[in-house]
Amino acid sequence: MVGMRRSLVAVVVAAVIAPLALSACGDDKKPAAFAAGQPSASTSAGPSASAPQPESAAVPIELTVTPVSGKKDVPVSAEIGFKVAGAKVTSVTLKDSKGKPVAGELRDDGSSWVPSKTLKTKESYAASVVATSDSGLTKTVGTTFTTMGAPAHRTGTGLYLFDDHTYGVAMPVVVEFSPGIKKADRAAVQKRMFVKTDPPQPGVWSWTPSGTQAYYRAKDYWQSGTTLTVRIAVGGVPTGAGRYGDRDRAATAKIGRKFEMVVDNKTKKMTVEQDGKVVKTMPVSLGRPSKPSASGTMVVMDKLAETVFDTTDTDGADGYRTEIQYAQRLTWSGQYIHSAPWSVGAQGHRNVSHGCVNVAPGNARWLFDKTLIGDPVKVNGTGSKLGYGDGWTPWNVSWPEFVKGSALPVPAALK
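What this report covers is the structure whose coordinates are included nearby.

## Comments concerning the side chain of S343
Stage number 1. Its location among the elements puts S343 in the loop between strand 26 (336-339) and strand 27 (357-359).
Stage number 2. The exposure class of S343 is buried, given its relative accessible area of 2%.
Stage number 3. At a separation of 3.0 Å, a polar atom in the side chain of S343 contacts the side chain of Q347.

Here you go:
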């Protein structure tokens, strides 16, 4: 099959992935586990706490709260921060100018309280924090602040996850930023990206070098039946160069059965396993020597029963326009698994495509009906390596290498 290279950047609105633009082949019930910085429901403090009160000097508890009282132009991503000694924070209340409570939760490390939604612009808020000692003594500190207006410049964001959808075991949580986040600003952004897994499978965030994408995964593939609950709470977060995150995004999704495809260039065959058992093998044809397929661990990113590969806009007179069936996208640069009736005679024997994994129409339909977005695909032995970030590639590096991409310190237990 013939192909093309196209740079693709997609921004997903309301946690729904936009349709992926096309390019052709090969060119070019336990407690929940949280990501670092995730608020924990088990330590949440709700809006039932008392209204702001003066400090009581008679209580030997040290408690300071941020934002400092009277502060203006506070980002709408503001958290209620505190430092406490001699006690633990037991209640946090936040109310807007009309006295309406704002829901939220404490972070696991007890450093702050995170509102459940982005705050309103140009709004006044009053917060009250109560700390209680082991002996039962309490201290309350109140603060008031006003949020900033709508920013002039925003960073576009996307979350590649649908609510109530089921994905393959290799589905990473993928967040996209446009423009990309520079290294100096990634830690603050990452601290606002929350993932909960049930059953617990602790994971790590890792950034692509350009800062345009961040992936979240565990050390191994997700367990079948896992629930992923994701909140990318970057609305109003300073992202550098005077920009702020455009909005919060969230999704809750399921992980399905384990379904893996392994393509071997030496044998020109694909082996398909479901839940650890081989269920089918099929002949393939990969990229010809001048346009080799990339080797590495990829993830099914998109599925199109019918589409058109069109390279005329990039290749001019040498381009082509071809109708394709049962296309499953593996890379941004245009590597797919798809039906290729024209190469059936070569499948299992020699490579004739422009980088895609060609399979017979019947096999392409069988695969299309079986796969989920997020299923892993391993291509071996082509001599061309998969580029990191060319598709959803967090499984194409070792775990120690992956965690190096985190902008926040990674707990020793996860290294």
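## Quick notes on the sheet that holds strand 3 (residues 71-74)
Stage number 1. Pairing within the open sheet is mixed, and its four strands lie in the order 3-9-8-5. The sheet is open, and its two borders are formed by strand 3 and strand 5 (88-96), each paired with just one other strand. Each strand of the sheet is rotated relative to its neighbour by a mean of 30°, with strand direction disregarded.

## Considerations on helix 1 (residues 183-190)
Stage number 1. Where helix 1 is concerned, the buried positions are R186, V189 and Q190. For helix 1, the angular spread of the buried residues around the axis is 90°, confining them to a single face.
Stage number 2. In this structure, the buried side of helix 1 is in contact with strand 12 (173-178), strand 13 (193-198), strand 14 (203-207) and strand 17 (238-240).

## Thoughts on the sheet that holds strand 18 (residues 243-245)
Stage number 1. The strand order 14-15-12-10-18-17 describes an open sheet built from six strands, whose pairing is mixed. Looking at the sheet topology across the chains shown, the edges are occupied by strand 14 and strand 17. With strand direction ignored, the average angle separating the axes of adjacent strands in the sheet is 25°.
Stage number 2. When strand 10 (residues 154-159) meets strand 18, the two strands line up parallel, connected through two bridges. Each bridged residue has a counterpart across the sheet, and for R154 the counterpart in strand 18 is Y244.

Cut-offs applied
Residues numbered from 1 in each chain as written. Predicted model: local features only at pLDDT ≥ 70, side-chain atom pairs only at ≥ 80, totals over all residues. Heavy atoms only, no water. Helix = DSSP H or I, 4+ residues; strand = E, 2+ residues; numbered from the N terminus. Buried < 20%, exposed > 50% of the residue type's maximum accessible area, 1.4 Å probe, protein only. Polar contact = N/O pair within 3.5 Å; in protein donor to acceptor, adjacent residues only side chain to side chain. Pairing = 2+ DSSP bridges. Axes fitted to C-alpha atoms, helices over the stretch in contact; angles between N-to-C directions. Arc of directions from axis to C-beta. Contact = heavy atoms within 4.5 Å.

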